[in-house]
Amino acid sequence: MRALAFQGYGAPSRVLRLTDLPRPEPGPGEVRVRLSARPINPSDLLFVQGSYGREARFTPLPGAGAQESGWAVAGFEGAGTVDALGPGAKGPAPGTRVAVSTTGTWQEYVCVPSPSVIPVARGVSTEAACQLTVNPFTAHMLVRDLDPDPGDTLLLTAGASAVGRMVIHLASACGARCLPVVRHREQARALARPGTQPLTVRSASALTEAVRDTVGHGRVSIVLDAVGGALGGAALRSLRPAGRFVSYGMLSGRPLAVHPDDLVFRQVSACGFWLPARMKRLSERQLSALTQEIQQSVVRGLPGLEVAERHDLADFRSALEHAMRPGRQGKVVLTG
């Protein structure tokens, strides 16, 4: 089967290779899924670069020499159909459309424990389903954990991202005022609506000025930061006393400077959010209810699931180039 794999960390366009790997056989309690769509997410690229919170497992190919390093397959989510059931598996029947969250989805088949597959609801397209298990869960759980009050002001860096758009949709429904930070006027125009005021800025100092001119310094209740670096630091300093700061991404690749004055004297709280760790705290019943809620929101038109381009696995270099292009609108999906 075809797979996009790598033998060592580095720039995805340099280290990824389209290779032929043996089709996996489902073990006891496992389901084999024939994947047909996979998104390119920032976390996928960080994983290949070796900058993500999860290490790659490089598995030698059968018959490989002792000096040959193994392959690791990229990708954390995808969608397709159940292809086969392993011994004792109680998963969906073959032919069922499912979404999958596992490491190594940038290949044609994956085997996962049967509880790890999500049957796709009617009305959810395969292209939306392949994006189901990361961004929508992140957005829903961020808003649920923050539980903004009506009238709270929520500042979001990377405001035009898929998660940013989903959070705006969900937080606005709670009555929060949203200030998405974007880099391009076209993005700002696309996000503008009652209760949402985009801030078009290209630097940390510009963000400070924009917040002061828009709401006044110290009036932001909550910050959701996906960028880090100087922009994330400026967002943190825009918070009101006792405001809340949540870091859930590292798009800039730069460290976030947190001043003790903000924590001690202004009593700002700062924490991180990582979806895999947060998901482990859910009971089976909670996870089932959340999954149903998310699929219903997708059917109702949850934003942030639009597709900009589709590329076959063999055309992965073009897909990567487009996925890393600034100002991109919509997700790049790997097909085949």
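Once a new chain begins, its residue numbering starts again from 1 and follows that chain's sequence as written. Note on the predicted model: pLDDT of at least 70 is required for a residue's local features to be given, and 80 or more for side-chain atom pairs to be given and counted; whole-chain, interface and lining totals, by contrast, use all residues. Just so you know, side-chain values use all the structure's heavy atoms and leave hydrogens and water out.

**A word on the nonpolar core**
Each nonpolar core is a collection of buried residues, namely Ala, Val, Leu, Ile, Met, Phe, Trp, Tyr and Cys, held together in the definition by side-chain atoms within 4.5 Å. Think of it in three bands: residues with accessible area under 20% of the maximum for their type are buried, residues over 50% are exposed, and the middle band is partly exposed, with areas taken using a 1.4 Å probe on protein chains only. Grouped together as the largest cluster of nonpolar side chains are 64 residues, with contacts concentrated most on Leu142, Leu154, Leu155, Val167, Leu207, Leu224 and Val298. Here a residue-residue contact requires only that any non-hydrogen atoms of the pair lie within 4.5 Å. Not counting residues up to four positions away in its chain, the partners in contact with Leu155 are Leu179, Val181, Leu199, Val211, Val220, Ile222, Val223, Leu224, Ala235 and Ser238.

**Some thoughts on the sheet that holds strand S10 (residues 177-182)**
Here, strands pair whenever DSSP counts at least two bridges between them. Only DSSP runs of H or I reaching four residues or more are called helices, and only runs of E reaching two or more are called strands; each is numbered from the N terminus. Across the sheet, which stays open at both edges, the six strands sit in the order S11-S10-S9-S12-S13-S14 with parallel pairing between neighbours. Every interior strand has two partners, whereas the edge strands, strand S11 (199-200) and strand S14 (269-272), have only one. Pairing between strand S9 (residues 153-156) and strand S12 (residues 220-225): three bridges, direction parallel. Bridging from a neighbouring strand, Leu154 pairs with Ile222 of S12. Axes, fitted as lines to C-alpha atoms, cover a helix only where it is in contact. Angles between the N-to-C directions of the axes lie from 0 to 180 degrees. Against the sheet, helix H4 (residues 135-146) makes contact with S12 and strand S13 (239-247), and its axis sits at roughly 150° relative to S13, the strand it touches most.

**Considerations on the environment of Phe58**
Locating Phe58 in the fold gives a position in the loop between helix H2 (42-49) and strand S4 (72-73). On the basis of relative accessible area, Phe58 is assigned to the partly exposed category, the value being 31%. Excluding residues that lie within four positions of it along the chain, Phe58 makes contacts with Phe6, Gln7, Gly8, Tyr9, Gly70, Trp71 and Ala72.

**Considerations on the pairing of S12**
The buried count for S12 comes to six of six residues, which makes it a mostly enclosed element. Taken together, the five bridges between S12 and S13 define a ladder with parallel strand orientation. Across the sheet, Asp225 pairs through a bridge with Ser247, a residue of S13. Handedness rule for crossovers: strands pointing away from the viewer, path from the first strand over the helix to the second running clockwise, crossover right-handed. The handedness of the S12 to S13 crossover, carried by helix H8 (residues 229-237), is right-handed.

**Side note on the pattern of salt bridges**
Criterion for a salt bridge: a side-chain nitrogen of Lys or Arg within 4 Å of a carboxyl oxygen of Asp or Glu. For the structure on display, the rule yields eleven salt bridges. The salt bridge partner of Glu108 is Arg2, with a shortest N-O separation of 3.2 Å. Here Arg2 lies in strand S1 (residues 2-6) and Glu108 lies in the loop between strand S6 (97-101) and strand S7 (109-113), a separation of 106 residues in the sequence. A relative accessible area of 12% places Glu108 in the buried class. Notably, a salt bridge pairs Glu293 with Arg144, separated by 2.6 Å at the nearest N-O pair. Here Glu293, found in helix H11 (residues 284-299), pairs with Arg144, found in helix H4; they are 149 residues apart in sequence, far enough to count as distant. Via salt bridges that share partners, Arg2, Arg34, Glu108 and Asp312 belong to a single interconnected network.

**Digging into the packing of helix H7 (residues 204-214) against H8**
Between H7 and H8, the least distance of the axes is 8 Å, while the angle of their chain directions is 25°. Here H8 runs roughly parallel to H7, going by the angle between their axes. Read as a crossing pair, H7 and H8 show a hand that is right-handed. Residues Ala204, Leu207 and Thr208 of H7 form the contact with H8, whose own contacting residues are Ala230, Leu231, Ala234 and Ala235. In this classification, the charged set is Asp, Glu, Lys and Arg, the nonpolar set is Ala, Val, Leu, Ile, Met, Phe, Trp, Tyr, Cys and Pro, and all remaining amino acids, among them Gly, are polar. Taken together, the residues of the contact of H7 with H8 break down into six nonpolar, one polar and no charged. Here roughly perpendicular refers to angles of 65 to 115 degrees, roughly parallel to angles under 35, roughly antiparallel to angles over 145, and oblique to all remaining angles. With the far helix as reference, a near helix turned anticlockwise by less than a right angle produces a left-handed crossing, and one turned clockwise produces a right-handed crossing.

**Description of the packing of aromatic side chains**
Here is the rule: rings of Phe, Tyr and Trp (six-membered ring for Trp) pair when centre to centre is within 6.5 Å. Planes less than 30 degrees apart are stacked, more than 60 are edge-to-face, and the remainder are tilted. With the rule as written, the count across this model stands at seven aromatic pairs. An angle of 40° between the planes, with centres 6.2 Å apart, marks the rings of Phe6 and Tyr9 as tilted. Judged by relative accessible area, which is 36%, Tyr9 ranks as partly exposed. Taking 5.0 Å as the distance between ring centres and 55° as the angle between the ring planes, the aromatic pair formed by Phe47 and Phe76 counts as tilted. Here the residue Phe47 occupies a position in helix H2, and Phe76 occupies one in the loop between S4 and strand S5 (77-85), the gap between them amounting to 29 residues. Note on accessibility: Phe47 and Phe76 belong to one class, buried. Following the ring pairs from residue to residue traces out a cluster consisting of Phe6, Tyr9, Phe47, Tyr52, Phe58, Phe76 and Trp274.

**Regarding H11**
One less than the residue count of a helix, multiplied by 1.5 Å, gives the span that helix is expected to have. Compared with an ideal rise of 1.5 Å per residue, which puts 16 residues at 22 Å, H11 spans 23 Å between its outermost C-alpha atoms and is within 8% of the ideal. Considering only its buried residues, H11 is in contact with strand S8 (117-119), helix H3 (126-129) and H4.

**Regarding the side chain of Ser114**
One can find Ser114 in the loop between S7 and S8. Take Ser114: its relative accessible area is 16%, and that puts it in the buried class. Every residue in contact with Ser114, bar those within four places of it in the chain, is listed here: Gly29, Glu30, Val31, Lys90 and Gly91.

**Some thoughts on the pairing of strand S15 (residues 307-312)**
In terms of strand pairing, S15 meets strand S16 (residues 331-335) through five bridges, oriented parallel. Bridge assignment links Val307 to a residue of S16, and that residue is Lys331.

**A short note on H7**
Within H7, burial applies to Ala204, Leu207, Ala210 and Val211. All buried residues of H7 project into a common sector of 115° when viewed along the axis, lining one side. The directions considered for the arc are those from the helix axis to the C-beta atoms.

None of the figures reported here should be taken as evidence of function without further support.
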